[in-house]
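Residues per chain, in single letters:
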Amino acid sequence: MKISEFTYDLPERLIAQTPAERRGGDRLLVIDKHTGEYKDSMFSEFTNYVDDNSLIVINDTRVRKARVYGLSETGGKVEFLFTGSCGSPKDGKSYWQAMVSKSRKQKVGKSYSFFDNNGNLYCHGSISSDVDDHDTGSSLKIVEFDQIIDENFFLECGHVPLPPYIKREDDFNDENRYQTVYAKNYGSMAAPTAGLHFTTDTLKELQERGIEIVHVTLQVGMGTFLPVRTENLEDHVMHTEAYMVSEEAAEKINKAKKEGKKIIAIGTTSVRTLESAYDESTKSVKAGSSETALFIKPGFEFHVVDQLVTNFHTPESTLLVLVSAFAGRENVLNAYKHAVEKEYRFFSYGDATFFI
């Protein structure tokens, strides 16, 4: 199949630039994945569509404030989007991979000063090497810091890494709203946005009905920002992301499947985690930490996930392909066309869909 088969017309005005006034105040398009029929609703009504005989899986990753600005030795402002550390610190120094603005000008050996959000000098760093990321086709830089860098560096110096289709700088509100209420494990470069709609009251209501909510973790990587560059889906190389399924989570999910419960994945990241952790030899979800480069496309056999809550996705993206594999390309594109006509809000801060 060709990536051009997964597109639709979207007026720019429908790309949400800010979250809803209150968390959970978004619209919800409920779609029957078998028939393609859909119904307009509100996310506040989500629990009404959840069968009592269900188990919900959420991704508890926490977004790192990974976008950090450095001042170069020549006085220029340079943007770093840190994608992850390069192993353990050595000799009191830390090494981190980053996507860097004006990349060609940031040569090996060039030095930078990093300041906290109060304008105080926090540390220094320099480019130690270039790296080609074969998963994404991007050029990365290795930054050597003059001290050990931990999460505090990002909390003190970083900015929320809003996706590029949000045409504004991050603000204080984003620190809360671009994070799920159940976020726990730092490491993601982007939010698992389907989870942004959930409030503590929604989760409590589900649990009071006896619906179990199980946590898994998938750290959303840099591939979420990058387009599909190949015409044929079969030629696309998916980016690698780390995930973890605890023994308790695997046990609960496997028990629910045996009991015939519906497994509801909250977000495509939860889908990729569950289907990556599925062990064909045991016909069950395997506990543990691993990495996945699973590209879910039409023809994929879903072993774990029965229903899916997710936001609207960008045209010609791997996420739109995943949703099409789950519910049928024609069903999805017809529902998206309806959403455009009804002026739903799209993408990270936009409205939600529930494929049942």
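Structure: see above.
### A look at the overall build of the chain
Now for step 1: Tallying secondary structure elements over the chain gives seven helices and 20 strands in all.
Now for step 2: The C-alpha radius of gyration computed for the chain amounts to 21 Å, which stays within 12% of the reference 21 Å derived for 356 residues, consistent with globular compactness.
Now for step 3: Counting only C-alpha atoms and orienting by the principal axes, one finds that the chain spans roughly 60 × 45 × 40 Å.
Now for step 4: The contacts in the chain between residues at least 6 apart in sequence include a share of 72% that link residues at least 24 apart.

### Observations regarding the sheet that holds strand β14 (residues 241-245)
Now for step 1: The nine strands are arranged β2-β1-β20-β19-β15-β3-β13-β14-β18 in an open sheet whose pairing can be described as mixed. A strand with exactly one partner marks an edge of an open sheet, and here the two such strands are β2 (38-42) and β18 (288-292). Recorded for the sheet is a direction-independent mean angle of 25 degrees between the axes of neighbouring strands.
Now for step 2: In this sheet, strand β20 (residues 352-355) lies alongside strand β19 (residues 307-311) in antiparallel orientation, the contact comprising four bridges. Bridge assignment links V309 to a residue of β20, and that residue is F354.
Now for step 3: Sheet strands in contact with helix α6 (residues 318-327) are β19 and β20, and its direction is about 150 degrees off that of β19.

### Observations concerning the pattern of salt bridges
Now for step 1: Taken as a whole and judged by the stated rule, the model has 20 salt bridges.
Now for step 2: Among the salt bridges present, the one from K184 reaches D60, with a minimum N-O distance of 3.7 Å. Here the residue K184 occupies a position in the loop between α2 (172-177) and β12 (185-188), and D60 occupies one in the loop between β3 (54-59) and β4 (61-63), the gap between them amounting to 124 residues.
Now for step 3: Residue class for D60 comes out buried when judged on its relative accessible area of 2%.

### Here we look at the environment of G24
Now for step 1: Positionally, G24 belongs in the segment before β1 (27-31).
Now for step 2: Judged by relative accessible area, which is 6%, G24 ranks as buried.
Now for step 3: For the pair formed by G24 and H124, sequence separation is 100 residues and the distance between their alpha carbons is 41 Å.
Now for step 4: Excluding its chain neighbours within four sequence positions, the residues that come into contact with G24 are F43, S44, H197 and T199.

### Points about the packing of aromatic side chains
Now for step 1: Overall, the coordinates contain 28 aromatic pairs when judged by the stated rule.
Now for step 2: When the centroid spacing of 6.5 Å and the interplanar angle of 85 degrees are considered together, the rings of F82 and W96 count as edge-to-face. Of the two residues, F82 sits in strand β6 (residues 77-85) while W96 sits in strand β7 (residues 94-100), which places them 14 residues apart along the sequence. Here F82 and W96 have matching classes, each one buried.

### Focus: the packing of α6 against helix α7 (residues 329-341)
To characterise two packed helices, one gives the angle between the axes of the helices and the distance between these axes.
Now for step 1: Two elements in contact, α6 and α7, have axes separated by 7 Å at closest approach and are oriented at 115 degrees. Residues L320, V323, S324 and A327 of α6 form the contact with α7, whose own contacting residues are R329, N331, V332 and Y336.
Now for step 2: The residue makeup of the contact of α6 with α7, split by class, is five nonpolar, two polar and one charged.

### Quick word on the packing of helix α5 (residues 268-277) against α6
Now for step 1: With their axes 11 Å apart at the nearest point, α5 and α6 run at an angle of 65 degrees to one another. Comparing their axes, α6 and α5 come out roughly perpendicular. When the axes of α5 and α6 are compared, the crossing they make is left-handed. Contacts between α5 and α6 involve T268, V271 and R272 on the former and, on the latter, L319, L322 and V323.
Now for step 2: Looking at the contact of α5 with α6 residue by residue, the class counts come to four nonpolar, one polar and one charged.

### Here we look at the pairing of strand β15 (residues 262-266)
Now for step 1: By the criterion of burial, β15 is predominantly enclosed, with four of the five residues buried.
Now for step 2: By the bridge criterion, four bridges tie β3 to β15 in an arrangement that is parallel. Bridge pairing in β15 links V57 to A265.

### Some points on the environment of S41
Now for step 1: Position of S41 relative to the elements: it lies in strand β2.
Now for step 2: In this structure, the C-alpha to C-alpha distance between S41 and V30, residues 11 residues apart in sequence, is 7.1 Å.
Now for step 3: In this structure, S41 is in contact with R27, L28, V30, Y49 and Y344, ignoring residues within four places of it in sequence.
Now for step 4: Side chain to side chain, S41 and Y49 meet in a polar contact 3.2 Å long.

### A look at a nonpolar patch on the surface
Now for step 1: The grouping of L71, F115 and L121 at the surface amounts to a nonpolar patch, some 240 Å² of accessible area in total.
Now for step 2: With respect to the secondary-structure elements, L121 resides in strand β9 (residues 121-133).
Now for step 3: Classification of L121 as partly exposed rests on a relative accessible area of 47%.

Cut-off values and rules
- Residues numbered from 1 in each chain as written.
- Predicted model: local features only at pLDDT ≥ 70, side-chain atom pairs only at ≥ 80, totals over all residues.
- Heavy atoms only, no water.
- Helix = DSSP H or I, 4+ residues; strand = E, 2+ residues; numbered from the N terminus.
- Rg over C-alpha atoms; globule rule 2.2 N^0.38 Å.
- Contact = heavy atoms within 4.5 Å.
- Pairing = 2+ DSSP bridges.
- Axes fitted to C-alpha atoms, helices over the stretch in contact; angles between N-to-C directions.
- Salt bridge = Lys/Arg side-chain N within 4 Å of Asp/Glu carboxyl O.
- Buried < 20%, exposed > 50% of the residue type's maximum accessible area, 1.4 Å probe, protein only.
- Phe/Tyr/Trp six-rings, centres within 6.5 Å; stacked < 30°, edge-to-face > 60°.
- Nonpolar A, V, L, I, M, F, W, Y, C, P; charged D, E, K, R; others polar.
- Parallel < 35°, antiparallel > 145°, perpendicular 65-115°, else oblique.
- Left-handed = near helix turned anticlockwise from the far one by under 90°.
- Polar contact = N/O pair within 3.5 Å; in protein donor to acceptor, adjacent residues only side chain to side chain.
- Patch = residues over 30% accessible without salt bridge, like charges linked within 9 Å, V, L, I, M, F, W, Y side chains within 5 Å.
- Areas by Shrake-Rupley, 256 points an atom, 1.4 Å probe, with all protein chains shown as cover.

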